[in-house]
Amino acid sequence: MNNSDSYLFNPFFSHIYIEQEALKHPNTAKILSRYPNAEYIPIKHYKDVFCRGHQSYGLQKQSPKLILAIKKTSFVYEGAPVCQSFGNQHFYYTSLVMNCIYDCEYCYLQGMYPSANIVIYVNLEDYFKEIVKLLEAYPVYLCISYDTDLLAFENILGYVGQWLAFAGKQPGLTIELRTKCAASQVLDNLMPQDNFILAWTLTPETIQSKYEHHTPSLQERLACINKVMNKGYTLRLCFDPLIYQEDWQTLYNELVRRTFLTLPADKIRDVSLGVFRVSHDYLKQMRKQRPDSVIIQYPYENDHGICHYGRTLSNAMISYVRNLIKEYISESKIYIWKETI
Ligand code: SF4
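On a predicted model such as this, the values are computed, not experimentally measured, just so you know.

Novice: Which residues make up the overall build of the chain, and what values go with them?
Specialist: A count of helices and strands for the chain gives 14 helices and 18 strands. Taken against the 2.2 N^0.38 rule, which gives 20 Å for 341 residues, the C-alpha radius of gyration of the chain at 20 Å falls within 12% of a compact globule. Each principal axis of the C-alpha distribution contributes one length, and for the chain these read about 55 × 50 × 35 Å. When contacts within the chain are restricted to residue pairs at least 6 apart in sequence, long-range pairs at least 24 apart make up 77% of them. A total of about 15400 Å² of accessible surface is found on the chain, and carbon and sulfur atoms cover 50% of it. With 34 positive and 34 negative side-chain charges, the chain shows a separation of 3 Å between the mean positions of the two kinds.

Structural data, given as structure tokens:
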């Protein structure tokens with residue numbers, strides 16, 4: 001984009017669409033107070049804006065609008081086969097925010113949603129009620145930051161703090177919050193809980209700068225993890241997704257060594273490892289959105305509806321990176337999405 005083009009775009013959240021039912025919710029007032037100059041537009045249902053036809057994900061991504069909504073049903077979903085359960089039998093995820101402020105080129109959200117605008121469900125208390133019901137039946141493992149980066153919204157929403165407090169009262173619950181955010185200050189005044197895992201995705205420096213647009217650098221992420229580690233948070237490192245590049249061995253060797261030179265391995269609860277994979281249906285959409293992206297246009301192998309690098313390369317990448325990590329962390333703490341493909 002050249003300079004003159006940049007003036008054509010509104011800043012982030014210049015317009016905020018609000019479902020009528022969400023207007024009176026206290027979280028709505030809190031969110032709006034952060035954007036006093038935005039234009040507020042009442043709507044009947046979030047889908048009237050989010051699911052319109054003929055939207056351009058790429059253009060919207062440059063100046064996304066906010067949509068505040070009330071979630072009525074389906075507060076939790078069963079974990080998808082492309083995601084890792086970490087050995088938990090009752091694995092769920094929940095979606096409080098749809099879409100992300102970051103713009104990773106490989107992100108499945110651009111294949112899943114018709115719009116890059118950001119939907120925030122304001123009725124967090126209803127999610128808690130649903131999870132309490134599930135907990136009456138069995139222990140629950142719940143991922144709360146899959147379809148967004150919830151920590152990156154903490155200044156606006158404060159949801160992470162509320163999830164932490166909720167986790168503290170629910171011993172049968174284990175929560176994972178996955179993030180690339182490096183704003184350690186948002187965690188400063190919150191209370192860590194043993195059953196609340198902060199999981200950072202780590203990527204080689206050159207992959208981050210080329211493909212994970214607007215995300216904090218590797219150095220910033222490591223510094224953030226180091227800081228929150230000393231506050232007693234439970235930590236997971238995610239070398240997931242592994243992204244293929246010609247020099248992938250050198251890149252991942254550097255990444256793993258640098259990570260464990262910065263972070264004491266004995267303070268890490270566990271590690272997640274997995275190659276890039278995505279549903280075939282999402283990939284088709286993603287390819288339309290990003291026709292010039294090397295990473296999206298790679299000739300992935302379609303393995304029963306899930307696209308990945310193919311057996312030989314996937315297994316070589318997993319095996320190589322696992323051996324690197326094993327030098328620092330016991331193998332029993334390394335969780336792999338499909339050890340062999
Ligand atoms: S941080 Fe995660 S959710 Fe956000 S754009 Fe990147 S891959 Fe997608």
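That covers the picture; the talk isn't over yet.
Novice: Mind laying out the side chain of asparagine 27, listing which residues take part and the relevant values?
Specialist: By secondary structure assignment, the location of asparagine 27 is in helix α2 (residues 26-32). Owing to a relative accessible area of 12%, asparagine 27 belongs among the buried residues under this scheme. In this structure asparagine 27 touches Val122, Leu124 and Tyr159, once residues within four positions along its chain are discounted.

Novice: Can you break down the pairing of strand β13 (residues 234-242) residue by residue, with the values?
Specialist: Both faces of the sheet carry side chains from a regular strand, because those side chains alternate between them. Counting buried positions over the nine residues of β13 gives nine, a clear majority of the element. Here β13 runs beside strand β14 (residues 270-275); their pairing, made up of five bridges, is parallel. Bridge pairing in β14 places phenylalanine 239 opposite leucine 273. In this region the chain leaves β13, passes through helix α11 (residues 248-262) and returns to the parallel neighbour β14; the handedness of that crossover is right-handed.

Novice: Can you tell me about unusual backbone geometry, naming the residues and giving the values?
Specialist: Residue aspartate 240 is joined to proline 241 through a cis peptide bond whose omega torsion reads 10 degrees. Of note, proline 241 is situated in strand β13.

Novice: Explain the side chain of serine 272 residue by residue, including any values.
Specialist: If you trace the backbone, serine 272 turns up in strand β14. Of note is the side chain of serine 272, whose polar atom sits 3.2 Å from the side chain of glutamine 84. When residues no more than four places from it in sequence are discounted, the contact partners of serine 272 are Gln84, Phe86, Arg178, Leu237, Cys238, Phe239, Asp240 and Tyr335.

Novice: Give me helix α6 (residues 124-135): which residues, what numbers.
Specialist: For α6, spanning 12 residues, the distance from its first C-alpha to its last is 17 Å, which sits close to the expected 16 Å at 1.5 Å a residue. Turning to α6, its buried residues are Leu124, Tyr127, Phe128, Ile131, Leu134 and Leu135. Projected down its long axis, α6 carries its buried residues within an arc of 120 degrees, all on one side. Opposite the buried face of α6, by more than 90 degrees, sit the exposed residues Lys129 and Lys133.

Novice: Which residues make up the nonpolar core, and what are the values?
Specialist: Judged by nonpolar contacts, the single largest core of 115 residues is most densely connected at Trp163, Phe196, Phe239 and Ile325. Ignoring anything within four residues of it in the chain, the contact list for isoleucine 325 reads Phe239, Val256, Phe260, Val271, Leu273 and Ile334. Membership of the second largest hydrophobic core comes to six residues, among which are Phe86, Phe91, Cys143 and Tyr146.

Novice: Break down the packing of helix α10 (residues 218-229) against α11 for me, with residues and values.
Specialist: Packing of α10 against α11 leaves a shortest axis separation of 10 Å and a crossing angle of 30 degrees. When the axes of α10 and α11 are compared, the pair comes out roughly parallel. Like other packed secondary-structure pairs, α10 and α11 cross with a definite hand, here right-handed. Of α11, the residues touching α10 (which contributes Leu218, Gln219, Leu222 and Asn226) are Leu255, Arg258, Thr259 and Thr262.

Novice: Give me the lowdown on helix α8 (residues 159-168), citing residues and values where you can.
Specialist: For the α-helix, the turn length of 3.6 residues means that residues three or four positions removed from each other point alike. Within α8, seven of the 10 residues are buried, leaving the element largely enclosed by the surrounding structure. All buried positions along α8 are accounted for by Tyr159, Val160, Gly161, Trp163, Leu164, Phe166 and Ala167.

Definitions and cut-offs
Residues numbered from 1 in each chain as written. Predicted model: local features only at pLDDT ≥ 70, side-chain atom pairs only at ≥ 80, totals over all residues. Heavy atoms only, no water. Helix = DSSP H or I, 4+ residues; strand = E, 2+ residues; numbered from the N terminus. Rg over C-alpha atoms; globule rule 2.2 N^0.38 Å. Contact = heavy atoms within 4.5 Å. Areas by Shrake-Rupley, 256 points an atom, 1.4 Å probe, with all protein chains shown as cover. Lys, Arg positive; Asp, Glu negative; His and termini not counted. Charge placed at Lys NZ, Arg CZ, Asp CG, Glu CD. Buried < 20%, exposed > 50% of the residue type's maximum accessible area, 1.4 Å probe, protein only. Pairing = 2+ DSSP bridges. Right-handed = clockwise from strand over helix to strand, strands pointing away. Polar contact = N/O pair within 3.5 Å; in protein donor to acceptor, adjacent residues only side chain to side chain. Expected span 1.5 Å × (residues − 1). Arc of directions from axis to C-beta. Core = buried A, V, L, I, M, F, W, Y, C linked by side-chain atoms within 4.5 Å. Axes fitted to C-alpha atoms, helices over the stretch in contact; angles between N-to-C directions. Parallel < 35°, antiparallel > 145°, perpendicular 65-115°, else oblique. Left-handed = near helix turned anticlockwise from the far one by under 90°.

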